[in-house]
Amino acid sequence: MNFSSKLIEEAVQSFASLPGIGKKSALRIILHLLNQDTNLTEQFCDPILKMRRHIKTCKECHNLSDAETCEICINIHRDKSLICVVENIRDLMAIEDTGQYRGRYHVLGGVISPIEGVGPQDLNIETLEGRIAKGDVKEVIMAISPTIEGETTIFYISKKIKEKNIRVSTIARGVSFGGELEYADEVTLGRSIVARVPYKTNQ
Amino acid sequence: MHLKEITLTHFKNYDIQKLEAGPFLNCLTGLNGMGKTNLLDAIYYLCMCKSNFNLDRDTRQFGKEFFRVEGHFVRKNKDEKIVCKVIPGKKKVFEANDVAYKKLSEHIGLFPVVMIRPGDTSLALEGSEDRRRFLDNTLCQLDVIYLNHLITYNKILKQRNIYLKSIPYGSRPNEQLLKTYDLQLLEPAKYIQVRRREGLEELRPIFNQYYARISGGAEQVDCQYQSKVDENFEAQLEAVRMKDLQLRRTTVGIHKDDLIFKLNDYNLKKTGSQGQLKSYILSIKLAQYEYIRQHKEVKPILLLDDIFDKLDANRVRQLLELLLENDFGQIFLTDTHESRTTEIADSLERDYKKFHVEKGRIEEK
Ligand SMILES: Nc1ncnc2c1ncn2[C@@H]1O[C@H](COP(=O)(O)OP(=O)(O)OP(=O)(O)O)[C@@H](O)[C@H]1O
Ligand SMILES: [Mg+2]
Ligand SMILES: [Zn+2]
């Protein structure tokens, strides 16, 4: 693409660097913005900047949050005794969208995979142990993708929290997750959380 | 089962090439480096989802972006179209009748294949890895559960080894994590070991028969499965913990299994003559073929690469007679000497097809 303006070229490149947006769509967006008032572009940019500057990670569950503690963790109607462990925030959102889960979450930030340079210490496992140590938790649901690395992670965590005498369950296998949790359709996912099964290790 | 037609696109030295094969014997002749072995490899690729020789990036024709192989098989009286499209570095696509497989492991074993090639002597001469690959190649075609356990075992082992390597010197390892990996290894290891042991027990007598036939019963041969993994693999892993940490890899497990090749009670590699070695390896490969055949509803395709390299013309004729007599199914055979092959093929008094291979072009003769 040939631009007569360096300014436009740079703006197009910014948009085109986003996932799912090619150069053509980027140019369409820029031309659209140009057709509008200047302050509309400002109104467009401000929330993004503000979001980026002020977004926080919940100190309890590592969910995205506006405050120190997220909406889910401060909601007294959400069951404190139930923690659903997920790999990432997108999985958390997928489960929230089902509307079937009334407990709380814990975002691990990945799965154990030395090949990817991710060890247990790189994940939010200690904070999970900390939450459990406080004594309110009765059950931990592992909503982690059924890959070998996912299995390792579930296994590892359940060994860590074994002495604490809490129930560990996994979301029902045999349900098609469509590879990753976030792609599972809402009904299947919701049902699999309700029909979760106790986790057994051979130990 | 047999392959009716195969089309190669950008596969090694083939640009675009179609070949219509006969249901029994197919002879490919041509000078060195013309593409005979490459064609066998394309057939192997369609059956096993990988080359018998190379990585995908070396299988794609020089300077091209992708390669593709399309095969039309007849399997249990049904036409089956298998297509593979490979862009090295990207996800490999395999389709059966225009529907892509979700996992390649669903395809392995549907179209069983055995290739016999000059390089097979590495089975006796090289390290244990080649022998394990021989066992795995055989069992994976027979048992998809074995294949899945093997994939799982190897993935866990890889993670475990990378973890061992990543522990900074002088710092304490995460014992819980190692224990987790140990426990994850148990189930696949158990299954793999049982199947390997059973498999070899069945393979042994077949192998003995073939060797007696090929060698004229001159020597006593044997082939034994060796695994250091015992009933309590978990305890074994724990027992070698210090060693694993020092060497930074997993030192015990079914990834150390081996086959012991014996000739008159001695190690084949140390005492066998060239001829004995060739007969030994040929027998074990034929036994592989027969073993797979006995367990499959379809006859495997047999790919005989440079078989004359191994045996004199007389022996080859005997071998082919044996194979055809037993109604062994479809065979592809390569040779540099056209006259030699024609003579033998004619003497069999069976339908066969002959192809001439020259610089990546194949013509039916
Ligand atoms: N990726 C590739 N792209 C193009 N050509 C290739 C590729 N890989 C191998 N070749 C060529 O293929 C040829 C070898 O073909 P092949 O091994 O099938 O020969 P052959 O007919 O079996 O010979 P021989 O009788 O010596 O065994 C070589 O000329 C080699 O350069
Ligand atoms: Mg060759
Ligand atoms: Zn929170």
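Residues numbered from 1 in each chain as written. Chains lettered and ligands numbered in written order. Predicted model: local features only at pLDDT ≥ 70, side-chain atom pairs only at ≥ 80, totals over all residues. Heavy atoms only, no water.

(A) Broad picture of the packing of helix H4 (residues 128-142) of chain B against helix H10 (residues 274-295) of chain B. Residue and element names in this part refer to chain B. Across the interface, H4 lies against H10 with an axial gap of 10 Å and an inter-helix angle of 15°. The orientation of H4 relative to H10 falls into the category roughly parallel. Where H4 crosses over H10, the handedness of that crossing is right-handed. Here H4 contributes Phe134, Asn137, Thr138, Leu139, Gln141 and Leu142 to the contact with H10, which in turn contributes Ile284, Lys285, Gln288, Tyr291, Ile292 and His295. Its residues placed into classes, the contact of H4 with H10 shows six nonpolar, five polar and one charged. (Axes fitted to C-alpha atoms, helices over the stretch in contact; angles between N-to-C directions. Helix = DSSP H or I, 4+ residues; strand = E, 2+ residues; numbered from the N terminus. Parallel < 35°, antiparallel > 145°, perpendicular 65-115°, else oblique. Left-handed = near helix turned anticlockwise from the far one by under 90°. Contact = heavy atoms within 4.5 Å. Nonpolar A, V, L, I, M, F, W, Y, C, P; charged D, E, K, R; others polar.)

(B) Structural detail: the packing of aromatic side chains. All names here are of chain B. One pass over the structure, following the stated rule, counts ten aromatic pairs over all chains. Geometrically, the ring pair formed by Tyr45 and Phe94 is stacked, given 6.3 Å between the ring centres and 5° between the ring planes. Of this pair, Tyr45 sits in helix H1 (residues 36-48) while Phe94 sits in strand E6 (residues 93-96), placing them 49 residues apart in sequence. Residues Phe73 and Phe111 carry aromatic rings whose centres are separated by 4.5 Å and whose planes lie at 35° to one another, so their mutual orientation is tilted. Taken together, the residues Phe73 in strand E4 (residues 67-75) and Phe111 in the loop between strand E7 (99-100) and strand E8 (113-116) connect sequence positions 38 residues apart. Here the two residues Phe73 and Phe111 agree in accessibility, since each one is buried. An aromatic cluster of at least three residues, connected via ring pairs, comprises Phe11, Tyr45, Phe67 and Phe94. The cationic tip of Arg248 hangs over the ring face of Tyr169; the distance from NZ or CZ to the ring centre is 4.0 Å. Positioned above the aromatic ring of Phe24 is the side chain of Arg350, whose terminal nitrogen or guanidinium carbon lies 4.5 Å from the ring centre. (Phe/Tyr/Trp six-rings, centres within 6.5 Å; stacked < 30°, edge-to-face > 60°. Buried < 20%, exposed > 50% of the residue type's maximum accessible area, 1.4 Å probe, protein only. Lys NZ or Arg CZ within 6 Å of the ring centre and 35° of its normal.)

(C) Examining the coordination of the zinc ion (ligand 3) more closely. Residue and element names in this part refer to chain A. Within the protein, Cys58 (SG), Cys61 (SG), Cys70 (SG) and Cys73 (SG) serve as the donor atoms for the zinc ion (ligand 3), at 2.3 to 2.4 Å. Here the zinc ion (ligand 3) is ringed by four donor atoms whose angles at the metal span 107 to 114°, and the overall shape comes out tetrahedral. Linear spacing of the donor residues for the zinc ion (ligand 3) on their chain is C-x2-C-x8-C-x2-C. Note that Cys58 is positioned in the loop between strand E1 (56-57) and strand E2 (64-65) and Cys73 in helix H4 (residues 71-74), a separation of 15 residues in sequence. Judged by relative accessible area, Cys58 falls into the buried class, the value being 1%. (Donors = N, O, S within 2.8 Å, 3.2 Å for Na, K, Ca; no water. Tetrahedral: all angles 85-135°; square planar, octahedral: opposite > 155°, others 65-115°.)

(D) Seen up close, a nonpolar patch on the surface. Residues and elements named next belong to chain A. Residues Phe44, Ile48, Met51, Ile55, Leu64 and Met93 make up a contiguous nonpolar surface patch of about 510 Å² in total accessible area. For the nonpolar patch, the element with the most residues is helix H3 (residues 38-54), which contributes three residues. Residue position: Ile48 is located in helix H3. (Patch = residues over 30% accessible without salt bridge, like charges linked within 9 Å, V, L, I, M, F, W, Y side chains within 5 Å. Areas by Shrake-Rupley, 256 points an atom, 1.4 Å probe, with all protein chains shown as cover. Salt bridge = Lys/Arg side-chain N within 4 Å of Asp/Glu carboxyl O.)

(E) How the structure looks around the side chain of Lys36 of chain B. All names here are of chain B. Along the chain, Lys36 falls in helix H1. A polar contact is formed between the side chain of Lys36 and the backbone oxygen of Gly30, at a distance of 3.0 Å. At 2.8 Å, the side chain of Lys36 forms a polar contact with the backbone oxygen of Leu31. Beyond its immediate stretch of four places on either side in the chain, Lys36 contacts Tyr14, Leu28, Thr29, Gly30, Leu31, Thr334, Asp335, Thr336 and Val357. (Polar contact = N/O pair within 3.5 Å; in protein donor to acceptor, adjacent residues only side chain to side chain.)

(F) Highlighting the site of ligand 1. Residue and element names in this part refer to chain B. Gly33, Lys36, Thr37, Asn38 and Arg60 are the nearest of the 16 residues found near ligand 1. For ligand 1, a nitrogen atom lies 2.9 Å from a polar atom in the backbone of Phe62. In isolation ligand 1 has 660 Å² of accessible area, and contact with the protein removes 73% of it. The leading source of residues in the shell around ligand 1 is H1, at three residues. Of the residues assigned to the shell around ligand 1, the class counts are three nonpolar, eight polar and five charged. (Near = heavy atom within 4 Å.)

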